[in-house]
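What follows is each chain in one-letter form.
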Amino acid sequence: RLVRLVRVFAHLPTLPPEVAQFVDLDALHASISVSAWVVAMLLLNHLIACGWYGVGVTVNGVPTWVDVCEQAYALNADQTPGLIYLYVTALHWALTMFT
């Protein structure tokens, strides 16, 4: 799929000269580079969050972060958290570990 995406971007038309004179290519290149790094970091954090959630679900015999999170959530909302809430919690943990 990634190769297909690269092919799509390769066939995009170039900017007309009238428009290209208003585009700072160095700033555009820097913006694209920063955006690519942000996407890569988010993808890496997604993988770490999924792994962290997997560890929390598969470990038996000891209270895991998923168990503690479900108990704390139930105290405040009288229900168990959904999968999205647990994923966002794991993603938040993964993102904060980078700082």
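Our structure's up above, just so we're on the same page.
Residues numbered from 1 in each chain as written. Predicted model: local features only at pLDDT ≥ 70, side-chain atom pairs only at ≥ 80, totals over all residues. Heavy atoms only, no water.

A. Spatial organisation of a nonpolar patch on the surface. Among the surface-exposed residues, Leu2, Leu5, Val6 and Phe9 lie close enough to one another that they form a single nonpolar patch of about 440 Å² accessible area. For Leu5, the position within the fold is in helix 1 (residues 2-10). By relative accessible area, Leu5 is classed as partly exposed at 42%. (Patch = residues over 30% accessible without salt bridge, like charges linked within 9 Å, V, L, I, M, F, W, Y side chains within 5 Å. Areas by Shrake-Rupley, 256 points an atom, 1.4 Å probe, with all protein chains shown as cover. Salt bridge = Lys/Arg side-chain N within 4 Å of Asp/Glu carboxyl O. Helix = DSSP H or I, 4+ residues; strand = E, 2+ residues; numbered from the N terminus. Buried < 20%, exposed > 50% of the residue type's maximum accessible area, 1.4 Å probe, protein only.)

B. Quick peek at the side chain of Asn45. By the element assignment, Asn45 lies in helix 3 (residues 25-58). Under the relative-accessibility criterion, Asn45 is labelled buried at 2%. Beyond its immediate sequence surroundings of up to four residues, Asn45 is in contact with Leu91, Ala94, Leu95 and Phe98. (Contact = heavy atoms within 4.5 Å.)

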